[in-house]
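Single-letter residue listing:
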Amino acid sequence: MIQIYPDKADFDAAVDPFTTIIGLEVSSLADIPEGMVSHTIPAGTFAKVTHKGPETNLGETYGFLYGSWLTESGYEYAGFDFEFWDERYKPEQEDNEIDIYVPLFK
């Protein structure tokens, strides 16, 4: 899942609209089915954080990432992040895990 945020200084994901793309990695963009879009994640350096626990607590992980961690890291806000869901994704179970990737720019 890719989330693309507007370039807005006081952006708040809880109230402001943003774009969400549910995706699947492919080897070619040659044959995109009708009604679907392509999106390429730019190469770069990413912080990877693994959220552990129920998905309803995911906001706490994002609060830490975009609150204290990003502010203290010295990196800039890039306007998007993405989540990687695999066999560890068990939405409301305690052993749920979701990897969150945040691009890092100085």
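Data block above holds the structure.
Residues numbered from 1 in each chain as written. Predicted model: local features only at pLDDT ≥ 70, side-chain atom pairs only at ≥ 80, totals over all residues. Heavy atoms only, no water.

Participant: Run through the sheet that holds strand E2 (residues 19-21), naming residues and quoting values.
Facilitator: Remark on secondary structure: sheet strands pair via backbone hydrogen bonds, oriented parallel or antiparallel. Taken in spatial order, the 5 strands of this open sheet run E2-E1-E4-E5-E3, and their pairing is antiparallel. In this open sheet, the two edge strands, each paired with only one partner strand, are E2 and strand E3 (46-52). Adjacent strand axes in the sheet meet at a mean angle of 20 degrees, parallel and antiparallel pairs treated alike. Inspection of the sheet shows strand E1 (residues 2-4) paired to E2 by 3 bridges, in the antiparallel sense. From the neighbouring strand, Ile-4 faces E2, where its bridge partner is Thr-19. (Pairing = 2+ DSSP bridges. Helix = DSSP H or I, 4+ residues; strand = E, 2+ residues; numbered from the N terminus. Axes fitted to C-alpha atoms, helices over the stretch in contact; angles between N-to-C directions.)

Participant: Could you give me a rundown of the side chain of Glu-83, with the residues and numbers involved?
Facilitator: If you trace the backbone, Glu-83 turns up in strand E4 (residues 80-84). The charged side chain of Glu-83 is buried without a salt bridge, its nearest counter-charge being Arg-88 at 11 Å. Ignoring sequence-local partners within four residues, the contact set of Glu-83 consists of Met-1, Gln-3, Leu-58, Tyr-62, Ile-98, Asp-99 and Ile-100. (Buried < 20%, exposed > 50% of the residue type's maximum accessible area, 1.4 Å probe, protein only. Lys, Arg positive; Asp, Glu negative; His and termini not counted. Salt bridge = Lys/Arg side-chain N within 4 Å of Asp/Glu carboxyl O. Contact = heavy atoms within 4.5 Å.)

Participant: Describe in detail a nonpolar patch on the surface, supporting the description with residues and values.
Facilitator: Taken together, the side chains of Val-26, Leu-29, Ile-32 and Met-36 present a nonpolar region at the surface, about 370 Å² in accessible area. Here Val-26 shows up in the loop between E2 and E3. (Patch = residues over 30% accessible without salt bridge, like charges linked within 9 Å, V, L, I, M, F, W, Y side chains within 5 Å. Areas by Shrake-Rupley, 256 points an atom, 1.4 Å probe, with all protein chains shown as cover.)

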